[in-house]
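Chain by chain, the residues:
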Amino acid sequence: MVKMIVSLTVNGEEHEIAVEPRELLIHTLREQLRLTGAHIGCDTTHCGACTVDVNGQSVKSCTMFTAQADGAEIRTVEGLAKPGGPLHALQDAFRNEHGLQCGFCTPGMLMRAYRLLQEIPDPNEDQIRWGISGNLCRCTGYQNIVKAIQSAAHAEHVAEAAEL
Amino acid sequence: MNDIATIPSPADRAEKLEGIGCKRKRVEDVRFTQGRGNYVDDVTLPGMLFGDFARSPYAHARIKQINKASALNVPGVLAVITAEDLIPLNLHYMPTLAGDVQAVLAHEKVLFQNQEVAFIVARDRYAAADGADALEVEYEELTPLIDPHKSLYADAPVLREDIQEKTVGAHGPREHPNHIFTWSVGDEAATEAAFQSADVVVKEYIAHPRVHPCPLETCGSVAHMDPVTKQLTLWGTFQAPHVVRTVAALITGIPEHKIRVIAPDIGGGFGNKVGVYPGYVLSIVASIVTGKPVKWIEDRMENLSTTAFARDYHITAELAATKDGKILALRSNVLADHGAFDACADPSKYPAGFYHICTGAYDIAAAFVSVKGVYTNKAAGGVSYRCSFRVTEAAYTIERIIEVLALKLGMDAGELRLKNFIKPEQFPYKSATGWEYDSGDYPTAMAKAMQAVDYDGLRVRQAQMLEEFKAGRSREVLGIGISFFTEIVGAGPSKNCDILGIGMFDSCEIRVHPTGAAIARLGTKSQGQGHETTYAQILASETGLPADMITIEEGDTDTAPYGLGTYGSRSTPVAGAACARAGRKIRHKAQLIASHLLEVHHDDLEWDVDGFAVKGVPDRRKSMKELAWAAYNNVPEGMEMGLEAVDYYDPPNFTYPYGAYFCVMRIDIDTGEAKIERFYALDDCGTRINPMIIEGQVHGGLTEAFAVAMGQLIDFDENGNVMGASLMDFFLPTAVETPKWETDYTEVPSPHHPIGAKGVGESPHVGGVPAFSNAVNDAFAKLGGVHTHMPHTAANIWTYARDLGLQDS
């Protein structure tokens, strides 16, 4: 199949890559750029394990063609903290509140929570539960994820994701 | 703080150890929160190819012809493997853990929808999928057999032509070509006599529908057969990697030492990743054929429709009792739908798992349990979905039927339980089905739970709401779901339990380095339970080395000692015990070294958190850090250098965790919607290693129980089309539906486990399912209801309310 050239800025780094028109963004991120944090859990846009941030919105990257992301600014879990710097408040909070177990949903959950806190800086429990309802977790029962997001919202450095 | 020996106070040193009982933060989270986990689909090797399956659209059909060229013509497709190609290798069938065989690729016939028909190998996953789509297969449709109640009809279609002539299966005589086994336990005559003479008997048909564990990560593997060294490396989603290595050696003929199985991080298992699947085998075959590494990763629809379902037990339960509520006998007959192949993952001697723990927490003098397994045109499986073998089914049976008995007696369901509990002084308690319960204090746990939820107050409120409903002033009723469950976990003693003839021991090997850091390897495999954190806590308490100085490794069969893996809540009861005992061996050797260094008899030394001190002279001590160093340069004469230990632990008995759960649920009669007002879970898992992780396990297990009871179902139409094999249909609760959980505990240690721990990961699922279902049923108990089946979706509850005539009032 004929490939096309797509430009992406991922975690602040610019890439020009050749993709088939049908290639999904999750596959480009995972297999071409080797950013394997985001995962594939369902193929039908239900589970949210593939969630990344595209142009300031949470996107399930299994349902976006890479071609559609041409020119986009993308942030993945690997870009949540500065390389070598302290972890993002959400990353600390998920660990401190035991907001993860198998870790498979975690990168998508973190990226959704990151965007949610930009949308609603101090969300109440209901807003968090609705806000992450596109991301499934099979292990935690969500209770500690909710606590983690609440705790991160109150941390001082919450807005300080790595500058891109 | 690596050198804790300088801290003067023993209590402060103990805290710094982060041993048993502390809420240690998880080691695993550091990589998982940064996207640095390493799951099987993250494994990439140079030249790696991708495999994908062409699958059957029919549940029962004869394969007339496969046109390989149709797929081989697709750009990027390199090979098409069918059963015909596997026959010369004798790989078209593989043995199952249940003593049956399972088709690796369908040979002549397909037996369930989405069965594997051909394996397409291609340069990338898109081309492999194109090839699978393009493959032309000609089928002749046959009559499907979907209802297990009809499997043994004289005119039922014969499903398994490959074993049609076998009159004896792995578990005894077969009475019909679609019959797998009939297995029974208990005293049938004594049970019948008790039923004959009892004041009160109840009998209920209780279906436990087919569901699926559905971990967020699907199954997959990467196989690399090195064409030069003939060494096979297999990465995959394996809850039991060592067993996979042995099975791979047995079915491929590759010597076991030439096979290295690696289970990397696993994205949840819940029983789905215990078995061996055709995809694993075909990734190996394809790697041998192509000389390249080959990756196979399921998509969600394949996962839900082909790999290891759970439950599908069609249960008849009966209780006999005196009129004042003393239970005299239990009888349960089960029809078990195992699908097209018997691929249940149970210890060899137990084709129905430990279903016969279904006498539960009660002192019942007589019991008889019989389970009949049959074939249908559905996917194979029957794994334990977040429970020990068939223990959720067992807990559901007793906890549902005891409610039916309470209703018949006109007794309060809580009071009936209290009246029949095994008493603390009866432990160790021998059950009528042959188990020996190790320990427990059920009345104390129940009393604590009843008080916490204000049980009497709840019943008053329930009666008031019922009055309001009957008076036409409200359309809501209240259900109070009680579940007092007892599990049997930690399989298991080799006298009872083996898998393919291998005893179900587990193991720990620990190596302490000169500086007092250590690595320990185990035969189990975490799928999110946090083993890297908790095993280190056990070892910290036992060896006096800080948990932060101990690396835990699992999952690589080249480095880890042999073990039977993680499922059935066996990691803590079995491998956790091996950990403790290996730690004690380290400590014992350290004591001899300390005696040598301090020039006193080793009996004159006492353990002091992280080292040994001369009795009565606490200043004369050697810390473990010092003793580890000495192990490499100054040991007593005749002693080997080094500080290593290994322990293979064959448990003397199972462990029997238990708990008291209460679910308070409001049900809207007109919409069928159920709102969980409150869920209280009290667990007794014996010694508590990490309370934070225990709480997390309970939250997660309750959420899965909620999903099973209130919504999950793998359903089929009359043609055998699977009706709910994507997350569009299969219910996985989001944060919005999921209730809030309250957790509590009592702590009765296991008397035979080295640290008294019993395991907890599955309790909330086992106990949770009946709690939710009892709440729904209880809501209708005074409105003419006796029993309604799961899943309790709004539609099903609405229909039930309508059938009870409640919607015209």
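The rules we used
Residues numbered from 1 in each chain as written. Chains lettered and ligands numbered in written order. Predicted model: local features only at pLDDT ≥ 70, side-chain atom pairs only at ≥ 80, totals over all residues. Heavy atoms only, no water. Pairing = 2+ DSSP bridges. Helix = DSSP H or I, 4+ residues; strand = E, 2+ residues; numbered from the N terminus. Axes fitted to C-alpha atoms, helices over the stretch in contact; angles between N-to-C directions. Contact = heavy atoms within 4.5 Å. Phe/Tyr/Trp six-rings, centres within 6.5 Å; stacked < 30°, edge-to-face > 60°. Lys NZ or Arg CZ within 6 Å of the ring centre and 35° of its normal. Buried area = accessible area lost by both parts, 1.4 Å probe. Salt bridge = Lys/Arg side-chain N within 4 Å of Asp/Glu carboxyl O. Polar contact = N/O pair within 3.5 Å; in protein donor to acceptor, adjacent residues only side chain to side chain. Nonpolar A, V, L, I, M, F, W, Y, C, P; charged D, E, K, R; others polar.

A. Spotlight on the sheet that holds strand 34 (residues 674-684) of chain B. Residue and element names in this part refer to chain B. Reading across the sheet, the four strands line up as 23-33-34-35 and stay open at both edges, with mixed pairing between neighbours. Strand pairing shows two members of the sheet lacking a second neighbour, strand 23 (476-486) and strand 35 (742-745), which therefore form its edges. Going across the sheet, the axis of each strand differs from the next one's by a mean of 15°, ignoring polarity. Packing against the sheet, helix 17 (residues 691-710) makes contact with strand 33 (658-668), strand 34 and strand 35, and its axis sits at approximately 135° to strand 34.

B. Inspection of the sheet that holds strand 26 (residues 506-512) of chain B at higher detail. All names here are of chain B. Across the sheet, which stays open at both edges, the four strands sit in the order 28-27-26-32 with mixed pairing between neighbours. Here the strands that pair on one side only, and so sit at the sheet edges, are strand 28 (550-554) and strand 32 (644-649). Averaged over all pairs of adjacent strands, the angle between strand axes in this sheet comes to 15°, irrespective of strand direction. In this sheet, strand 28 lies alongside strand 27 (residues 518-522) in parallel orientation, the contact comprising five bridges. Across the sheet, residue L522 finds its bridge partner in strand 28, namely E554. Those strands touched by helix 14 (residues 531-543) are strand 26, strand 27 and strand 28, and its axis lies near 130° from that of strand 28. The strands that helix 15 (residues 571-598) touches are strand 26, strand 27 and strand 32; relative to strand 32, the one it contacts most, it runs at about 145°.

C. Expanded view of the packing of aromatic side chains. All names here are of chain B. Scanning the model with the defined rule gives 38 aromatic pairs over all chains in all. Through a chain of ring-to-ring contacts, three or more aromatic side chains come together here, namely W183, Y350, F354, F389, W435, Y567 and F654. Cation over ring: R210 sits above F309, and NZ or CZ is 3.3 Å from the ring centre. A cation over an aromatic ring shows up here: R587 above the ring of W607, its NZ or CZ 4.5 Å from the ring centre.

D. A look at the interface of chain A and chain B. At the junction of the two partners, chain A supplies 48 residues and chain B supplies 57 residues. When the two sides are added together, the surface that chain A and chain B hide from each other amounts to roughly 4400 Å², 54% of it contributed by carbon and sulfur. Between E125 of chain A and K740 of chain B there is a salt bridge, and its shortest N-O distance comes to 3.5 Å. In this assembly, chain A and chain B are joined by 26 residue pairs in polar contact (both at pLDDT 80 or more). Sorting the residues of the side of chain A that touches chain B by element identifies helix 1 (25-32), helix 2 (89-96), helix 3 (106-119), helix 4 (125-131) and helix 5 (143-153) of chain A as the ones contributing at least two each. Ranked by the residues each element gives to the side of chain A that touches chain B, the list is headed by helix 2 of chain A, at four residues. Considered class by class, the residues forming the side of chain A that touches chain B number 19 nonpolar, 18 polar and eleven charged.

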